[in-house]
Structure formats: C-alpha cells, structure tokens
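Descriptive analysis of the structure
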Amino acid sequence: MEKSYIVKQISIFSENRPGRLAAIAGALRDAGINIFAFSIAEADGFGVVRALVDRPDDAHRTLTDLGFRVSFTDVIGVKMRDEPGGLSDIASILGDAGINIEYAYAYSGKDGAVLILRVDQVEDAIRQILGRGGELLKASLSR
Amino acid sequence: METIRPGELADLQLERLKWSLHQALKVGLYQRKFKEAGVSPDEIRTLDDVEKLPFTYKKELRAGYPFGLFATPLKEIVRIHTTSGTTGKPTVVGYTRQDLENWSELIARNMTMIGLGEDDIFQNAVNYGLFTGGLGFHYGAEKIGMTVIPSATGNTRRQIEMIEDFGVTVIHCTPSYALHLAEVAESMGKTLDTLKTGIFGAEPWSESMRTELERRLGVKAYDSYGLSEMYGPGVAFECPERNGLHIWHDCYLVEIIDPETGERLAPGERGELVITPLVKEALPLVRYRTGDVTRLMDGECACGRGLKIERITGRSDDMLVIRGINVFPSQIEHVLRALPEVGEQFIVYIDRVKHLDEMTIEVEMSRAGFSGELQDLARMQKKITGELHNTLGLRTAVKLVEPGSLPRFEGKAKRVTDRRGAI
C-alpha cells in the first residue's frame, strides 16, 4: 500500500563546473524524457543533481551509458495547497510524528503544487500524511 | 678537518670507508648484495674501488621496514626518525649516541662556517618531531652555544612576535615559509631588524628567491642540504662565498653518476648524487642513490675548504617536495588504490598559493557504490583526504570527479602537473 507512493528520484553526481547540467539535461532531452522537478545540491567542488522524471529507469540507463554516476533515491511527492499555509500543513504533520526531512524541493504546476520530500522513515511518513488527509503522488505516474 | 689536505683526506676516507663497509656487513641486505655482486669489502683497497660495490636504493630501505637495516642492536640506538617512503610505509632512520654526536658536530661546523656562535639567537622554525630538520639543527645550534628557540612551524604572527621580542638573529626554515613570513611581517608593519642570517633548506630554491628573501627579510641567505638517510640536514652547506655547497668529505664519500646507466661521470658533469656515508653506525649505507641532481664544482673555494657541489637543480626520479615534505606520486597511488570508492584515474596538481605549496588531487569516483546522497560523497572526500594525510603527512585538497573524465594515458602516465615554477 505505502510502497505505491514511493517515487524513484534519480540522483546524478556532477562536478561543479560549467556545462555539466547542460550535458545531463541534453541527454534526457535526446532520450525524450520529461523532467517534472529537479534541484541541485552542492558541496566542495561537486554536486548532486536530483530529478523526478517521467521514465526514471530509462533516464538511469541513458545517463549511466554516458558515464554519469546515477542512483535511485526513494522520495515522496505530497500535494500542497498553492496558497499560504500549504507547506506548513505538511511540515507540521511530519514534525508532529517525529519524522525528519533530509531535503525537499517543490514545484507548482497546472495540477497544483507538489512538495518532494526525502525523509528518514519513508513508509511512516506516507501513513502519517494519508492518515491526516494528505494526498500523495502515485509512483505509477512516473513510469 | 674542514681544510684538510687532499692526500690526508683520501687516507682518512679510505680508512673510514673500510670501517663503514664492515659495519654494512652486519646487515642482511648488504651480506646479500655483496654476495650477489661477487665482491667483498676486503677487496676495496682504493677509493676508486667503491665502483665495484652495488648501489643502494630507497626502495630497499623501505623493504627493511622497520629495523631491518640497522647494523647495531636496538639497545644502542637512541633515536628514530622517519622520512617518506616511496610507497606505503616510511623509511626508518636510527641513530646511535655517536651518530647523534656526529650529526650535531656537522650542523655545528656548518653554522660556525657562516660566522654564527654563542652571541646568536636562533629561531628554528621547522617541523620538530619525526622530520630531521627540527632536532638536527636544534642540537647543532646548542652545541655552539647559540640561544635556541624551538619555535617549530605554524602560527606565523606568533613567530614574528618572537623574532621581534627575543631579538632573533638567525632563522632556519623552508624558503617558501620564509617568504610567507616576510609577507606577514610586512602586513604587520614589522621590519625584523635584528635578523641577519637565514638558513633555508628542505626544498630547492633559486638565486632570484635568494635575492627576494634577502631584500624582504634583511638577511644573508644560506642554502642547506641534507637527507634523512644521511642523518638529515648538515650534509652540505654554503660558506660565506655562497657559490656552491661544501659537502663534508670526511663523513660522506661523493660520486656523481649517470642515473640511467649508473656510470660514474667526470668531474664537473651534472648527474645524480650518490653518497656512501663514512661514519654512520646505526644505518650504514653503500653508494646510496639520493635522487638529487648536482655536479662537483671545479676549482678551489676562496674560503679554503674542500670540493663543493652545485646547488641541487632537480631530481632524477619523480619525488616532489611539497612544503618541505618529500612526496612520491607512488605513495599517493598506493593510498588511492586501497580505497574502493576511488576509480581508476587520478591527477595531482601542485600550485603555489601565497608562497605556500598546495596539492590538489582530482580523483575519479569508482563506478560502483554511489548512494545518490550528497553527504556520502562529502564523507568519502573527507576519508580520502584523511588517508592521504596519514600517509603523506600533508594536507591535500581532494576533488571528486566523474568516472571517465580524467585523461587516459597510452604508455607512461603523467599524473603530476607541477604549476609552481621556480622559486
């Protein structure tokens, strides 16, 4: 049940230098893969590009074949009200349940806003959010 | 001893060479090597006969780790120093009480040669501990009655305060640190008026560096040469003429060879310095390949002392000197190959930032084991830096790069790019 809400994010290692994002994005474009959401986390001289895409397995294979270091990371996508208090609702649910958010990023599309979360206890988080009336992206949406 | 006549010197050298070879025969390595070369120390009747003897290489010292090359029982050894090995383990150098006496006598000789004595206040701003530069100079300076400040390295502002507050007249450090010191002193508005002599060693430096150091620190700058395998600093030193270094022939038998063929070169020709120490008890060595490139200088020095060597102009191997610390690329490779997180390739860049050497190592990640988490990468970077620090004794900047992104080499890999230029 909870498993159907675990979304596969692709995480790509990238050196911190001009042209690396262009190379990643270009590869996905050429493979006809659409990016729903992405973010970049940076450290000392390198970063990790995180993305939700419509065909994660194809994206993984395409980028790996090009020599990129890619891995899947389990995240969840929570639908947010696109108005003041939307983020607060969700963060409160997790905070109350003692679930830690490792990182998050969000997008706001035509079907509303979505918060993508990497948490330490993913199945617990799913139960808590559903139990308190929250709505989650189905993993099957991106396939 | 410094101005001994050539004939007397040769007699003394031969006598000491014979002693030293018998000392070497107490070591398993030399029993084997002499047997393989089909030569016995008794066949060495002239100084030129030394050519019949096999060379000793640094890697052989490493293979004897830790105490395999000592010619005396450990109870007679009163001190241990180490120096970087070519891979993995360091090279261990032992000293008997007599060795320490010989060594400080040489340092004392060098310092007396340039006019230093009990009126001088000496700041020894090099690494103490396993590095030979600290304790070596320390005891030599005490021997001639100098007032010694064992300031060691680091905390440059404090070093400058001490020079000023204690009225320091002589400083010993690496030339690059001296330049850094000058810069910090200038920024503090200090002129360091008491300083008159600078002794610089542990890394090669140029005549233009000499000019700059003398101008900015207000010192006369002297070049000091040595290596841990030959006790440490003190093997050769500039006299006030400052045109070449007097190498102490009563303690070291010097040859210059072609590093490719091993053939001895004619006087004046530039090649690899090979030394047979003549008075070392704990770690006798025979025809040790220093890897340092120099030549024997013709002609007598105006000071009346013996034959000089030219200032070291380079290395016959790939050893690097980073902030005075010897580093072999093979050591870096050894560390990286042992780490599963690291891929096939790495490149080392050496730069000079504000007069101090910086080593940056670009490391390809291995294809396996990427978790996708930034913190795991940061942890990996820290681990690699830590392992390198353990082995090299040196802080490096590790850059993680994508697999396949570094250049591949056909034939001999060029893994080191030294962008420092001459100092």
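Cut-offs used in this document
Residues numbered from 1 in each chain as written. Chains lettered and ligands numbered in written order. Predicted model: local features only at pLDDT ≥ 70, side-chain atom pairs only at ≥ 80, totals over all residues. Helix = DSSP H or I, 4+ residues; strand = E, 2+ residues; numbered from the N terminus. Rg over C-alpha atoms; globule rule 2.2 N^0.38 Å. Buried ≥ 20, exposed ≤ 12 C-beta atoms within 10 Å, placed from the backbone. Contact = placed C-beta atoms within 7 Å. Pairing = 2+ DSSP bridges. Expected span 1.5 Å × (residues − 1). Domains from an automatic or database assignment. Nonpolar A, V, L, I, M, F, W, Y, C, P; charged D, E, K, R; others polar. Arc of directions from axis to C-beta. Axes fitted to C-alpha atoms, helices over the stretch in contact; angles between N-to-C directions.

Comments concerning the overall build of chain B
Helices and strands together make up the secondary structure of chain B, namely 10 helices and 21 strands. Relative to its length of 423 residues, chain B is compact, with a C-alpha radius of gyration of 22 Å against a globular reference of 22 Å. If you line up chain B on its principal axes, its C-alpha atoms span 75 × 60 × 45 Å. Evaluated residue by residue, chain B yields a buried proportion of 43% over its 423 residues. Contacts spanning at least 24 positions in sequence make up 66% of the contacts within chain B whose residues lie at least 6 apart.

Some words on the pairing of strand E18 (residues 342-353) of chain B
Residue and element names in this part refer to chain B. Bridge count for E18 against strand E19 (residues 356-365) is nine bridges, and the pairing is antiparallel. Counterpart to Phe 346 in the pairing with E19 is Val 363. Adjacent in sequence and paired antiparallel, E18 and E19 are bridged by two residues, among which Lys 354 carries a positive phi angle near 50°.

Considering the environment of Pro 66 of chain B
By the secondary structure assignment, Pro 66 of chain B is in the loop between helix H3 (58-63) and strand E1 (77-83). Counting along the chain gives 275 residues from Pro 66 of chain B to Glu 341 of chain B, while the straight-line C-alpha distance between them is 30 Å.

Some remarks on helix H5 (residues 132-143) of chain B
Residue and element names in this part refer to chain B. An ideal rise of 1.5 Å per residue puts 16 Å on 12 residues; H5 measures up with 17 Å between its terminal C-alpha atoms. Burial runs high along H5: nine of the 12 residues are buried. By the burial criterion, the buried members of H5 are Thr 132, Gly 133, Gly 134, Leu 135, Gly 136, Phe 137, His 138, Gly 140 and Ala 141. Close packing links the buried residues of H5 with E1, helix H4 (97-113), strand E3 (121-124), strand E4 (147-149), strand E5 (170-173) and strand E8 (232-238).

Topic: the domain arrangement of chain B
All names here are of chain B. Along its sequence, chain B is organised into domain 1 (92-317) and domain 2 (325-418). Here the C-alpha centroids of domain 1 and domain 2 sit 32 Å apart. Contact residues are listed per partner, giving four residues for domain 1 and four residues for domain 2. Residues belonging to the side of domain 1 that touches domain 2 are distributed by class as follows: one nonpolar, two polar and one charged.

Considering the interface of chain B and chain A
Listed by partner, the interface residues are 14 residues for chain B and 15 residues for chain A. Per element, the largest residue contribution to the side of chain B that touches chain A is four residues, and it comes from helix H10 (residues 374-392) of chain B. Residue classes in the side of chain B that touches chain A are distributed as eight nonpolar, four polar and two charged.

Topic: the domain arrangement of chain A
Residues and elements named next belong to chain A. Domain annotation for chain A reports domain 1 (3-73) and domain 2 (76-141). Computed over C-alpha atoms only, the centres of domain 1 and domain 2 are separated by 22 Å. On the domain 2 side, the residues contacting the 10 residues of domain 1 number 14 residues. Classifying every residue of the side of domain 1 that touches domain 2 gives seven nonpolar, three polar and no charged.

Points about unusual backbone geometry
Residue and element names in this part refer to chain B. Omega for the bond connecting Tyr 65 with Pro 66 falls within 30 degrees of zero, at -5°, which places this linkage in the cis form. A positive phi angle, close to 90°, is found at Tyr 231, a residue other than glycine. Structurally, the position occupied by Tyr 231 is in the loop between strand E7 (220-227) and E8. On the neighbour-count criterion, Tyr 231 (27 C-beta atoms within 10 Å) is buried.

Description of the sheet that holds strand E12 (residues 288-294) of chain B
Residues and elements named next belong to chain B. Taken together, the four strands give an open sheet; going across it, the order is E10-E11-E12-E15, and neighbouring strands pair in antiparallel fashion. What marks the edges here is a single partner per strand, and that holds for strand E10 (252-257) and strand E15 (314-315). Here E10 pairs with strand E11 (residues 271-277) via six bridges, running antiparallel. Pairing of Tyr 252 across the sheet is with Pro 277, part of E11.

A few points about helix H1 (residues 20-30) of chain A
Residues and elements named next belong to chain A. Listed as buried for H1 are Arg 20, Ile 24 and Leu 28. Projected down its long axis, H1 carries its buried residues within an arc of 70°, all on one side. Seen from the buried face of H1, the exposed residues on the opposite side, beyond 90 degrees, are Ala 22, Gly 26, Arg 29 and Asp 30. The inward-facing, buried residues of H1 contact strand E1 (7-15), strand E2 (35-42), strand E3 (46-53) and helix H2 (56-65).

Let's talk about the sheet that holds E2 of chain A
Residue and element names in this part refer to chain A. One open sheet accounts for six strands, arranged E2-E3-E1-E4-E6-E5; its pairing is antiparallel. Edge positions in the sheet fall to E2 and strand E5 (101-109), since each has one partner strand and no second. Averaged over all neighbouring strand pairs, the angle between strand axes comes to 30°, with direction disregarded. Bridge count for E1 against E3 is six bridges, and the pairing is antiparallel. Residue pairing for E3: Glu 15 is matched across the bridge by Phe 46.

Re the environment of Val 398 of chain B
All names here are of chain B. As for its position among the elements, Val 398 is in strand E20 (residues 397-401). A tally of 23 C-beta atoms within 10 Å means that Val 398 is categorised as buried. For the pair Val 398 and Pro 259, spaced 139 residues apart in sequence, the C-alpha to C-alpha distance is 33 Å. Non-local contacts of Val 398, meaning those with residues more than four positions away in its chain, are made with Ile 361, Val 363, Gln 381, Ile 384 and Thr 385.

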